[in-house]
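Structure assessment
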Amino acid sequence: MAVAPERPRIYEGTRIPSPTPSVLEVREDLRTSEDVLTVNFGPNHPSTHGVLRLVVDLHGEEVVGLAAVVGYLHTGFEKNMEQKSWWKAITYAPRIDYLSFQNNELVFVLAVEKLLEIEVPARATWMRMLLAELNRIHSHLVWLGTAALELGAISMFWYCFRERDRILDLFELVAGSRMHTRYFQVGGLAEDVPAGFWDECAKFVEVMPKAVDDYEGLVDRNEIWLERTQGIGLLSADDAIALGQSGPVLRGSGVDWDLRRAEPYLAYDQVDFQVPVYQEGDVYARYRVRMEEMRESVKIVEQAMRRMPGGPWIADNRKVVLPPREELHTSMESLIHHFKIVTEGFRVPEGEVYVASESPRGELGCYVVSDGGPKPWRVKFRAPSFVALEATATCMRQALVADMIAIVGSLDTVMGEVDR
Amino acid sequence: MEVHEAHGETTVVVDTPRLVDAALHLRDELGFNFLSDVAATDYLGWGAKGVSGYIGTPRGRDLNEPATQGHQRLPRQKPHRFSVSYHLLGMRAGAPRVRLQAWVEDGEHVPSLVGVWPTADWHEREAFDLMGIRFDGHPNERRILMDDDWEGHPLRKDYPIGGEPVRFSGEE
């Protein structure tokens, strides 16, 4: 097996197109040559990860102009959330990014808790972290399976979805549903963790690192994979920061930045994990970052399982949290609280907050405004996929049309989150 | 310019003509090199009518205290109809964050910050598309999520909910 001995160097200076950073314009001499063909990729194309449309100008096989067009999956999540009580709005958050649902749910719940200034019990914090990391593995597995599939490696897809299914089984065990679990409640968790979960989770923790070895065995020294990923889709560190990139795309460009470590939330400051960083800024570097993140996530899950605190799983604040079910039959006060929270919803003090978390795709932020009423006044998600697509024009410089698929895949965009 | 602190977050409110200067100062002098998000908010009807009554103490409503006994309270008034919040991050130890905020009325323009942080490109297009805020000097100010020929800006508070006009064939 031949392995390319040298990785191409990343470019100097900036390559962000000007004046519009997200649109690559055709060079003047090419445009007048009448040798440029404009092709419309998408919005329905098997390799565009959903409904992304790319308007591409081709000069032979070379991409000389590019503009990404989004919005085909716009469903108005943010507007919908304004119409629902805080309690009901939680169900919308996971549906925005259907691959990292628990991370989305988490960031919205954290924002509401920040406005309420409510204390969350340690067990809920650790369990949230455990599930968020399982969810990160889940998201990376889907990415790896589909990105490899797009480059023609079909068997990878089956292996990745085998492990993904195990994670979904774990979610089902905890929350009763496989996706969009709505397990995080303002103040903690909706239910305690079921007793059988720990054994199943321990089995998964044992299997997963070996599975990552298998994936690496499949593609890591595969010449076709290396040819198609190395030196493709270059993005330098400065350009990545200027374009607001985050997550694996940023760390693949050599920026050592992970919000789990830089501004620790949940219990990330109490667990050991490494932040993988690669300098090359190409598709291969992003692939490597995600592979190592899966291993690190398994380590966090393992530590969280071992050190999971006991005690309550939800805060004891009757103004916000539903009273225990059994109390409804004996306590009038509890019945009133239950009724008020379910029908009217709890009220959140006036104010505005922005909470950021490290989702599998990068900095996932949630900006929430409350007027003191039972419904959010405004909810805005900072979607990392939306921002990642702004980098397509920079990454596609000098790319060939076949590389385009690899580059879009490496940015790991989920169109539900881009269009919201 | 005014600065507020709330919930552990710093908000810097600037007049729109000085927005670009403030942004450059924050980026170059104070090291906020990363623009996380641009969030526009419509405050039309803020505190004007009770959704189900603004009742409660500053900490929210307390069910142990009967609702209307001197605790009726409206939220603090906002200076203008729209706010545009730029959430900035400094990529260094401590991860400092700041919110740069500008307030505008309907029809007023905000200077574009695409020249300061290129990532503002799509964020500003989204704010224009969904909230109808115009950005002066944006190189490509077009709708991004809605159709190009869409009428209205859906995230505004006066945009009808559930009343999407139906186009019948045969009618104009």
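Everything numeric in this text was worked out from a predicted model, so none of it was measured. (Residues numbered from 1 in each chain as written. Chains lettered and ligands numbered in written order. Predicted model: local features only at pLDDT ≥ 70, side-chain atom pairs only at ≥ 80, totals over all residues.)

What about the overall build of chain A?
The cut-off we apply is this: By the criteria applied, helices consist of DSSP H or I runs no shorter than four residues and strands consist of E runs no shorter than two, each listed in order from the N terminus. A radius of gyration in this sense is built from C-alpha atoms; the matching globule rule multiplies 2.2 Å by the number of residues raised to 0.38. In this scheme every C-beta is placed from the backbone, and a residue whose C-beta has 20 or more other C-beta atoms within 10 Å is buried, one with 12 or fewer is exposed, and one in between is partly exposed. Contact between residues is assigned whenever the C-beta positions, reconstructed from backbone atoms, fall within 7 Å.
Broken down by element type, chain A carries 18 helices and nine strands. The C-alpha atoms of chain A give 23 Å as radius of gyration, which agrees with the globular expectation for 420 residues (22 Å, within 12%). By principal-axis analysis of the C-alpha atoms, chain A measures approximately 80 × 45 × 35 Å. Per-residue burial for chain A yields a buried fraction of 54% across its 420 residues. A fraction of 71% describes how many contacts in chain A between residues 6 or more apart in sequence connect residues 24 or more apart.

Examining the sheet that holds strand 2 (residues 37–41) of chain A
Residue and element names in this part refer to chain A. Just so we agree on the cut-off: DSSP bridges decide pairing: two strands pair if at least two such bridges lie between them.
In space, the four strands of this open sheet follow the order 1-4-3-2, with antiparallel pairing throughout. Each edge of the open sheet is held by one strand with a lone partner, namely strand 1 (23–24) and strand 2. Of the strand pairs in this sheet, strand 2 and strand 3 (residues 53–59) are connected by five bridges, and their pairing is antiparallel. For Val39, the partnering residue across the bridge sits in strand 3 and is Val56.

A look at the confidence of the model for chain B
All names here are of chain B. Convention followed: Every residue carries a pLDDT, the predictor's confidence in it, which falls somewhere between 0 and 100.
Per-residue pLDDT for chain B has a mean of 81; in total, 78% of the residues score no lower than 70. Confidence, expressed as mean pLDDT per element, reaches its minimum in chain B at strand 1 (residues 2–6) with 85 and its maximum at strand 4 (residues 82–89) with 93. Segment residues 50–58: pLDDT under 50, and 25 contacts once partners within four positions in sequence are set aside and those in other chains are kept. Ignoring residues within four places in sequence, the model shows residues 65–71, a span with pLDDT below 50, making seven contacts including any to other chains.

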